[in-house]
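Coordinates in review
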Amino acid sequence: MKRFLLLLALLPVLFLAGTADAVDRVPLTIVTADGRSHEFAVEVADNAEARGRGLMFREALADDHGMLFVFPRRQRIAMWMRNTPLPLDMLFIGQDGTVSSIHERAVPYSEETIVSRKRVRYVLEVIGGTVDRLGLAVGDRIDSPAIP
């Protein structure tokens, strides 16, 4: 009986452990000024709870994955790296899907605020070094079903 009760107590933990990688992602394409396209699969943080959690505590992020933060209106956005062990590149994106500013290689665990230079509606976080590796720049275009 004790084993049965222990198994019942562990079922939620086992279920969650088995679904930890089952995250919904949407496609996102970055089109550079010279017409090159770079495909990503991104998680969408479109509510206050998801935006607050972001990529905290993530130990790994594939080169072609990321997180797209969707804000309810255009505003100056302030981000930080609290509890985030990975270096990240942040692309600040305007209402029209155009990259308006970039912050490269945000320092893991830093509580320094990283602020968009302009009012934006979206922020894309990818693994640090992606901007340099792909030659991304201000003015590049972001296409995704998450950006109407």
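As the structure is a computational prediction, the values presented were derived from the model and not from experiment.

So, about the overall build of the protein. The helix and strand tally for the protein stands at 3 helices and 9 strands. In sequence order, the secondary structure elements of the protein are arranged as α-β-β-α-β-β-β-β-β-β-α-β. Here the protein, with 148 residues, has 41% of them falling under the buried criterion. For the protein, long-range pairs separated by at least 24 residues make up 70% of all intrachain contacts whose partners lie at least 6 apart in sequence. Put simply, the protein shows about 8700 Å² of open surface, and 56% of that area lies on carbon and sulfur atoms.

Turning next to the confidence of the model for the protein. The predicted model of the protein has a mean per-residue pLDDT of 88, with 84% of residues at 70 or higher. Confidence over residues 1-21 falls short of pLDDT 50; this stretch has 0 contacts with residues more than four positions distant or in other chains.

Another point: unusual backbone geometry. If a residue is not glycine, its phi is most likely negative; likewise, a peptide bond is most likely trans. Its identity as a non-glycine residue notwithstanding, N83 has a phi of 60 degrees, on the positive side. Judged by its relative accessible area of 29%, N83 is partly exposed. Positive phi values are uncommon outside glycine, yet Y109 reaches one of about 65 degrees. For Y109, the position within the fold is in the loop between β6 (99-106) and β7 (114-115).

Among the secondary structure elements, P27 is positioned in strand β1 (residues 26-31). Residue P27 is classed as partly exposed on the basis of its relative accessible area, which comes to 48%. In this structure, the C-alpha to C-alpha distance between P27 and H65, residues 38 residues apart in sequence, is 9.4 Å. Here P27 is in contact with F40, D143, S144 and P145, once residues within four sequence places are set aside.

About the cut-offs
- Residues numbered from 1 in each chain as written.
- Predicted model: local features only at pLDDT ≥ 70, side-chain atom pairs only at ≥ 80, totals over all residues.
- Heavy atoms only, no water.
- Helix = DSSP H or I, 4+ residues; strand = E, 2+ residues; numbered from the N terminus.
- Buried < 20%, exposed > 50% of the residue type's maximum accessible area, 1.4 Å probe, protein only.
- Contact = heavy atoms within 4.5 Å.
- Areas by Shrake-Rupley, 256 points an atom, 1.4 Å probe, with all protein chains shown as cover.
- pLDDT = per-residue confidence, 0-100.

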